[in-house]
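A closer look at the structure
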Amino acid sequence: MFHLLACNVACLAIASLYYVWRDLYRQRRKRQQLHDRVAYMLWVAANRAN
């Protein structure tokens, strides 16, 4: 009985860690993508001004 409970708790902990990591990774990736797009927009605007 204890082994079954320990296995379930371990699976829950691993899944929880994965979902937390995935959410943080997605937020970081969205922020980086936004920075890249804004930098490109500013670069294009600067090149047109010349």
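Relevant structure appears above.
Residues numbered from 1 in each chain as written. Predicted model: local features only at pLDDT ≥ 70, side-chain atom pairs only at ≥ 80, totals over all residues. Heavy atoms only, no water.

**Observations concerning the overall build of the protein**
What counts here: Each helix corresponds to a stretch of at least 4 residues labelled H or I by DSSP, and each strand to a stretch of at least 2 residues labelled E; elements are numbered beginning at the N terminus. Here the term buried applies to any residue with accessible area under 20% of the maximum for its type, exposed to any over 50%, and partly exposed to those in between, with areas from a 1.4 Å probe on protein chains only. Here the accessible surface of atoms and residues is derived via Shrake-Rupley with a 1.4 Å probe, and residues count as covered only by protein chains that are part of the display.
The helix and strand inventory of the protein stands at one helix and zero strands. By its C-alpha atoms, the protein is 75 × 5 × 5 Å across when sized along the principal axes. The proportion of buried residues among the 50 residues of the protein is 0%. As displayed, the protein offers around 5100 Å² of accessible surface, 66% of which is attributable to carbon and sulfur atoms.

**Points about the packing of aromatic side chains**
What counts, and what does not: Two rings from Phe, Tyr or Trp (for Trp, the six-membered ring) form a pair when their centres are within 6.5 Å of each other. A pair whose planes differ by under 30 degrees is stacked, one over 60 is edge-to-face, and the rest are tilted.
Summed over all chains, the structure comprises four aromatic pairs. With a centroid separation of 6.2 Å and an interplanar angle of 35 degrees, the aromatic rings of Tyr18 and Trp21 are classed as tilted. Of this pair, Tyr18 and Trp21 both sit in helix α1 (residues 2-49), three residues apart, which is roughly one turn of that helix. By relative accessible area, Tyr18 is classed as partly exposed at 44%. Taken together, the aromatic side chains of Tyr18, Tyr19, Trp21 and Tyr25 make up a single cluster linked through ring pairs.

**Remarks on a nonpolar patch on the surface**
Just so we agree on the cut-off: Patch construction takes residues with relative accessible area above 30% that form no salt bridge. Like charges are linked within 9 Å, and nonpolar side chains (Val, Leu, Ile, Met, Phe, Trp, Tyr) are linked within 5 Å. Each salt bridge in this description consists of a side-chain nitrogen of Lys or Arg and a carboxyl oxygen of Asp or Glu lying within 4 Å of one another.
Where nonpolar side chains cluster on the molecular surface, the patch consists of Tyr18, Tyr19, Trp21 and Tyr25 and spans about 470 Å² of accessible area. The exposure class assigned to Trp21 is partly exposed, which follows from its relative accessible area of 49%.

**Considerations on the environment of Arg37**
On the secondary structure map, Arg37 appears in helix α1. Owing to a relative accessible area of 56%, Arg37 belongs among the exposed residues under this scheme.

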